[in-house]
Amino acid sequence: MIDFEIPEVKNLNRKGFLDFEVDPTLDLVAEINKLKKEKKAIILAHYYQESEIQDVADYIGDSLGLAQKAESTDAEIIVFAGVHFMAETAKMLNPHKKVLLPDLKAGCSLADSCPAPLFKKFKEKYPDHVVVSYINCTAELKTLTDVCCTSSNAEVIINSIPKDKGIIFAPDKNLGAYLQKKTGRNMVIWNGACMVHEIFSHEKITKLKVRHPEAKFIAHPECEAHILDVADFIGSTSQLLKYTKENPAQEFIVATESGILHQMELASPDKLFIPAPPNNTCACNDCPHMKRNTMEKLYLCMKYELPEILLEDWVIEKGKVCIDRMLEVSVAAGFKA
Ligand code: 13P
Ligand code: SF4
């Protein structure tokens, strides 16, 4: 391990992570566990992280579970093995704690599809509407939001809004359309999407279903409507995982990011999990943002306590309101991490 002085961290600005060489013989799991204890740190990982990162995490969950865990932890440092908006949410919930993200460039195409200045103008056209934003959005967008939601609690959040109120939903048009159908609420929907969930091929899924007639086809609500229309079950990552544990079927075709298959296989080792095929031959159902985090980057980030998520005070103060509202409604509805 080459122990660079912190001034070398200028590399970080360009690359988004500590680009130091790590001794390939180092037992990264042991080192990370040691650092966790030494620094009273907790590793929160999303289901889309690579398997090794999930295995070393203290908590693995969906966006809601991760936010709830971030809110309740007494750890001194939160290491977020996920993407930028998730780590920002953890920071907003813990303004006085250090929140680390192994690679600052682990972003999100959905969050990027809704820049706050453009959304501000859009929102001005509907001054009486309540703004509901999917948690997959930037901290700045959260400052323009009344209440956040995740794919686990979205229906509950929409139903908590008085019936006579108009709703703006941002940034995911697919989740928005799904919610519109489920709740019967008329919503003004921002035109954003997730690059991973828009890639599934209806034709290839249909062929796969013919080859596996007993398989259940399960999908995340970020998928397009024509994919959701043929699903046996639709849910957030944690809801999909729960379904595969509880459903007696032995085969599942899974339309979401492939990282979730790790927990599905661990929970039900005798069942077969088939990633739903994308439109082309690339591994597009791997999220390139989620997969920017690696064990090496996780180790370096814990050792040097960098890169750190830093937000302006006004962003934390204003942006946190919609997260707090979401958490309040979620607890009342029985969601817990
Ligand atoms: P959930 O884990 O909350 O279902 O979200 C999926 C996702 O796309 C996160 O980026
Ligand atoms: Fe964003 Fe989609 Fe990746 Fe989730 S899977 S982080 S929504 S790009």
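Keep in mind that what you see is a predicted model, and the values were worked out from it rather than measured.

Reading guide: rules and limits
Residues numbered from 1 in each chain as written. Chains lettered and ligands numbered in written order. Predicted model: local features only at pLDDT ≥ 70, side-chain atom pairs only at ≥ 80, totals over all residues. Heavy atoms only, no water. Near = heavy atom within 4 Å. Polar contact = N/O pair within 3.5 Å; in protein donor to acceptor, adjacent residues only side chain to side chain. Nonpolar A, V, L, I, M, F, W, Y, C, P; charged D, E, K, R; others polar. Core = buried A, V, L, I, M, F, W, Y, C linked by side-chain atoms within 4.5 Å. Buried < 20%, exposed > 50% of the residue type's maximum accessible area, 1.4 Å probe, protein only. Contact = heavy atoms within 4.5 Å. Pairing = 2+ DSSP bridges. Helix = DSSP H or I, 4+ residues; strand = E, 2+ residues; numbered from the N terminus. Axes fitted to C-alpha atoms, helices over the stretch in contact; angles between N-to-C directions.

Around ligand 1, 14 residues are found, and the nearest of them are His 46, Ser 63, Ser 151, His 220 and Thr 237. Asn 136 is positioned with one of its side-chain polar atoms (N or O) 3.3 Å from an oxygen atom of ligand 1. Contact between ligand 1 and His 220: an oxygen atom at 2.7 Å from a side-chain N or O atom of the residue. Of the residues belonging to the shell around ligand 1, the class tally is five nonpolar, seven polar and two charged.

Turning to the nonpolar core, a few remarks are in order. Counting 68 residues, the largest nonpolar core has Leu 44, Phe 80, Val 132, Phe 169, Phe 217 and Met 326 as its most contacted members. Contacts of Phe 80, omitting those with residues within four sequence positions, involve Leu 44, Leu 66, Met 86, Ala 87, Ala 90, Leu 100, Leu 101 and Pro 102. Ranked by size, the runner-up nonpolar core spans 24 residues in total, among them Ala 41, Ile 53, Tyr 299 and Leu 306.

With that out of the way, let us pick up the sheet that holds strand β6 (residues 147-149). Spatially, four strands are ordered β6-β5-β7-β8 in an open sheet, and the strand pairing comes out parallel. Looking at the sheet topology across the chains shown, the edges are occupied by β6 and β8 (187-189). Put simply, the sheet's adjacent strands are angled 25 degrees from each other on average, direction ignored. Here three bridges tie strand β7 (residues 167-170) to β8, and the two strands are oriented parallel to one another.

Take the site of ligand 2 next. Around ligand 2, a shell composed of Tyr 48, Val 83, Cys 108, Ser 109, Asn 136, Cys 194, Val 196, Glu 222, Cys 287, His 289 and Met 290 is seen. Across the shell around ligand 2, the residue classes break down as seven nonpolar, three polar and one charged.

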